[in-house]
Amino acid sequence: MYLTHAMVLSRQDAGEHDMLFNLYTKEYGKVRAYAKGIKKEQAKLRGHLELFSLAEVGFVVGKGGERLVYSSLIHYWDVVRLAPELYEAGYRMAALVDEHCFAGERDDTLWQLVIASFADLEEGRVSLTGVTAYGDRFCARLFDCLGHADINSAFFVEGKAVV
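Residues numbered from 1 in each chain as written. Predicted model: local features only at pLDDT ≥ 70, side-chain atom pairs only at ≥ 80, totals over all residues. Heavy atoms only, no water.

(A) Structural context of the packing of aromatic side chains. For the coordinates displayed, the defined rule picks out seven aromatic pairs. An angle of 40° between the planes, with centres 5.9 Å apart, marks the rings of Trp77 and Phe118 as tilted. Pair noted here: Trp77 is in the loop between strand 5 (65-75) and helix 1 (78-82) and Phe118 is in helix 3 (residues 108-122), with a separation of 41 residues, a long-range link. We note that Trp77, like Phe118, is buried. Within the aromatic cluster, the residues linked to one another by ring pairs are Phe52, Trp77, Tyr87 and Phe118. (Phe/Tyr/Trp six-rings, centres within 6.5 Å; stacked < 30°, edge-to-face > 60°. Helix = DSSP H or I, 4+ residues; strand = E, 2+ residues; numbered from the N terminus. Buried < 20%, exposed > 50% of the residue type's maximum accessible area, 1.4 Å probe, protein only.)

(B) Expanded view of the packing of helix 2 (residues 84-100) against helix 4 (residues 131-145). Between helix 2 and helix 4, whose axes approach to 10 Å, the crossing angle comes to 15°. In terms of orientation, helix 2 lies roughly parallel with respect to helix 4. Considering only the axes of helix 2 and helix 4, their crossing is right-handed. Taking contact as the criterion, the partners of Glu85, Leu86, Ala89, Arg92, Met93, Leu96, Val97 and His100 in helix 2 are, on helix 4, Val131, Thr132, Tyr134, Gly135, Asp136, Phe138, Cys139, Leu142 and Phe143. Looking at the contact of helix 2 with helix 4 residue by residue, the classes come out as 11 nonpolar, three polar and three charged. (Axes fitted to C-alpha atoms, helices over the stretch in contact; angles between N-to-C directions. Parallel < 35°, antiparallel > 145°, perpendicular 65-115°, else oblique. Left-handed = near helix turned anticlockwise from the far one by under 90°. Contact = heavy atoms within 4.5 Å. Nonpolar A, V, L, I, M, F, W, Y, C, P; charged D, E, K, R; others polar.)

(C) Inspection of the environment of Gly58 at higher detail. Assignment of secondary structure puts Gly58 in strand 4 (residues 54-62). Measuring from C-alpha to C-alpha, the distance between Gly58 and Ala14 comes to 19 Å, with 44 residues separating the pair along the chain. For Gly58, the residues in contact, after removing those within four places along its chain, are Met1, Tyr2, Leu3, Arg67, Leu68, Val69 and Tyr70.

(D) Seen up close, the side chain of Ser117. Inspection of the secondary structure assignment puts Ser117 in helix 3. Of the polar contacts made by the side chain of Ser117, one reaches the backbone oxygen of Leu113; its length is 2.7 Å. Setting aside its immediate chain neighbours within four residues, Ser117 contacts Met93, Tyr134, Phe138 and Arg141. (Polar contact = N/O pair within 3.5 Å; in protein donor to acceptor, adjacent residues only side chain to side chain.)

Structure below.
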């Protein structure tokens, strides 16, 4: 079993009781993992893998890919969920990481960027009026971490590069 800290970037239904999660992990980079039976009331993983949650996760690798077998909630980022502007910024940041990172590529700088950015939103270091500009700076720092210097020099509007 592989054990690591993970940020939940996205999740989607995969049948009546199962879900598929995209996680950005400290030790393994982006991981796409299947959680069998997570929607059942007695599921042990239930409640630990909400969108944007920071959790300790355990997964195994099988023929069908990674399967989540353990999760323990570390931080819920509840303030980010309460303000629509913060939620939208968090969603946008998570979507950018999910879209632009490849599975299995560990990056300590990127991990720190993701955690620090959500902490900034959570702890009030970003005003509600400055959320869009903060998201644009996050986008630029993300592309810098990923080595996209040509994109990094572009002008950003609402998280999208405008050349």
